[in-house]
Amino acid sequence: MATGDGLSLSTGVGGHGLATARAMGAGRERVPRNAPEIFNRGHAFFTSMFWDSRIARDEDDPTGFAQPAGSDLPLGFEHPLEVQAMFPLTSDAEMRGNPGENEIANAGSNPAIWDGLEARVMAIPEYQELIAAAYPGVPAEDIGCEHIARAIAAFEADAWRSDDSPFDRYLRGNRDAMSASAKRGALLFYGRAGCGDCHSGVFQTDLEHYAIAMPQLGPGKGQGADGDEDLGRGPISGDSADDFKFRTPPLRNVALTGPYGHSGAYRTLEGVVRHHLNPVRSLRDWDRSQVLLSVSDDPEDLFSVMDDPAKVQAIAKANELGRVRLTKWQFDDLMAFLHALTDPAMLDLRSEVPLRVPSGLPLAD
Ligand code: HEC
């Protein structure tokens with residue numbers, strides 16, 4: 001699903017089925033945030049990962065990165081995308097499972113989880129050969145989970161590099177690559193509509209964090225008075241002035257990567273763009289029926305934040321995005337520009353799915 005999963009919030013361990021046809025497993029947690037797309041993430045421009053930049057380059061840290069594992073992180077990572085690949089493995093809801101259900105989940109601490117996975121993968125002769133070929137000169141006993149993570153990142157960076165949208169072709173000199181409407185939209189995006197103030201640079205992001213009154217849903221990040229809120233950047237930076245701020249998302253292929261926002265609150269691209277034109281009103285008028293979630297038989301309260309006026313008010317109060325007025329024609333032009341960011345080569349990624357994997361595990365259930 002365009003490198004994401006097509007859902008507002010992901011279904012992790014214990015789920016059945018693929019992407020939008022996926023169902024939650026009994027007694028499982030929903031992943032608290034929308035799964036970001038990963039187009040172009042191997043580019044040197046990306047110095048941070050995740051909606052809250054909890055992995056970010058940091059010259060002062062011995063590992064080279066600010067990241068959740070501190071000094072437990074192995075050394076030798078060169079790009080944040082490589083570091084990113086280490087972390088879904090350690091999340092109960094995403095990949096690891098609950099203690100008592102498998103030996104990795106029982107392992108407890110990060111180094112033990114990573115060592116256990118490395119041992120599991122390297123017990124398979126075909127993986128031994130592939131890893132040896134990828135890291136000539138590294139003896140088998142020195143291979144760690146970090147080598148597997150770096151290989152995953154190398155695959156992602158190569159497979160999902162995407163720089164052939166009509167906008168890219170236009171920038172390379174083909175003046176006919178974009179429609180007149182998309183060109184007018186680009187002028188609005190980088191001009192009067194103010195989008196380029198945050199969605200700047202080669203990938204339409206400044207990698208900074210802003211509060212834009214995005215509605216919240218799902219289990220939350222265990223933050224706020226009742227643990228159902230997601231404070232975004234604040235808990236990472238340690239500065240409450242950063243509460244409810246999230247990293248400006250890049251916009252290459254954005255027409256393909258819904259639902260949108262850190263909580264997947266908007267199903268359509270048009271919906272999330274309209275949100276930006278009048279954020280606080282859009283928060284208050286938000287239509288919860290548009291969320292796209294896998295079915296679950298467990299009781300859950302997905303909208304506890306939006307049902308609590310004080311919590312909605314806190315999100316509204318943090319908003320720093322101003323209102324923008326556009327005519328219907330201008331709005332259509334802006335949408336045409338966002339569609340001109342779609343690289344046609346990324347429309348169908350099925351050819352990247354291998355027919356089999358060395359472990360013999362099924363690729364779909
Ligand atoms: C003040 C900075 C800022 C400005 C100005 C801004 N955005 Fe955003 N935009 C963001 C942030 C931050 C998010 C993610 C917020 C969240 O999820 O909580 C976002 C999300 C988006 C998304 C959803 C992308 C995704 O992958 O989920 C789109 C599309 C988007 N913006 C387009 C626009 C357009 C078009 C404009 C101009 C009308 C604009 N933005 C103006 C900061 C900004």
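See the structure printed just above.
Residues numbered from 1 in each chain as written. Predicted model: local features only at pLDDT ≥ 70, side-chain atom pairs only at ≥ 80, totals over all residues. Heavy atoms only, no water.

### Observations concerning the site of the ligand
Under the convention used in this document: Residue proximity to a molecule or strand is established when one non-hydrogen atom of the residue lies within 4 Å of it. We call two N or O atoms a polar contact when they sit within 3.5 Å, provided that within protein one can donate a hydrogen and the other can accept it, with sequence-adjacent residues counted only if both atoms are side-chain atoms. In this description a helix means any DSSP run of H or I spanning at least four residues, a strand means any run of E spanning at least two, and both kinds are numbered starting from the N terminus. Amino acids are sorted into nonpolar (Ala, Val, Leu, Ile, Met, Phe, Trp, Tyr, Cys and Pro), charged (Asp, Glu, Lys and Arg) and polar (every other residue, Gly among them).
In the neighbourhood of the ligand, 21 residues make up the surrounding shell, with C195, C198, H199, H262 and H276 lying closest. The side chain of H199 places a nitrogen or oxygen atom 2.8 Å from a nitrogen atom of the ligand. Considering every element that reaches the shell around the ligand, the biggest residue donor is helix α10 (residues 269-277), with three residues. Residue composition of the shell around the ligand, grouped by class: 15 nonpolar, six polar and no charged.

### Side note on the layout of surface pockets
For the record, the criterion: Of the two site types, the cavity is a set of points on a 1 Å grid over the protein atoms alone where a 1.4 Å probe fits but cannot get out, and the pocket is an open set with protein on both sides within 12 Å along at least five of seven lines, each lined by residues with an atom within 4 Å of a point. Grid points are joined across faces, edges and corners, and a volume is the space filled by probe spheres set on the points.
Each pocket or cavity is described by its volume, and for the second largest pocket that value is around 250 Å³. Lining of the second largest pocket is provided by R274, L277, N278, R281, S282, D285, R323, V324 and R325.

### Brief notes about the coordination of the iron atom of the ligand
Metal coordination angles in their ideal form are 109.5 degrees for the four-donor tetrahedron and 90 or 180 degrees for the six-donor octahedron. Note the threshold: Here a donor is an N, O or S atom found within 2.8 Å of the metal, or within 3.2 Å if the metal is Na, K or Ca; sites may look incomplete because water is not among the atoms. Donor angles set the geometry label: tetrahedral for four donors if every angle is between 85 and 135 degrees, square planar for four and octahedral for six if opposite donors exceed 155 degrees and the others are between 65 and 115, irregular for anything else. Note on classification: 1.4 Å probe, protein chains only; a residue is buried when its accessible area is under 20% of the maximum for its type, exposed when over 50%, partly exposed between these limits.
At 2.1 Å from the iron atom of the ligand lie its protein donor atoms, namely H199 (NE2) and H276 (NE2). Around the iron atom of the ligand, the six donor atoms sit at angles spanning 84 to 179°, and that spread fits a shape best called octahedral. Highlighted residues: H199 in the loop between α8 (180-189) and β4 (209-210) and H276 in helix α10, separated in sequence by 77 residues. Taking the relative accessible area as the measure of exposure, H199 reaches 10% and is therefore buried. The class of H276 is partly exposed, set by a relative accessible area of 24%.

### A word on the sheet that holds strand β1 (residues 48-49)
Strands in a sheet are paired, the pairing made by backbone hydrogen bonds, and the direction either parallel or antiparallel. Applied cut-off: Should DSSP find at least two bridges between two strands, the strands are regarded as paired.
The three strands are arranged β1-β2-β3 in an open sheet whose pairing can be described as antiparallel. At either margin of the open sheet sits one strand with a lone partner, and together these are β1 and β3 (65-66).

### Some thoughts on the nonpolar core
One recurring pattern in soluble globular proteins is that nonpolar side chains are buried together. Threshold: Definition of nonpolar core: a set of buried residues of the types Ala, Val, Leu, Ile, Met, Phe, Trp, Tyr and Cys, connected through side-chain atoms within 4.5 Å.
The biggest cluster of nonpolar side chains holds 44 residues, and the ones touching the most others in it are L217, L269, V273, W286, F337 and L338. If you list the elements that add at least two residues to this core, you get α8, α10, α12 (309-318) and α13 (328-339). Sort the elements by how many residues they give to this core and α13 lands first, with five residues. Listed in part, the 23 residues of the second largest apolar core include F77, V83, A85 and I113.

Just geometry here; none of it tells us what the structure is for.
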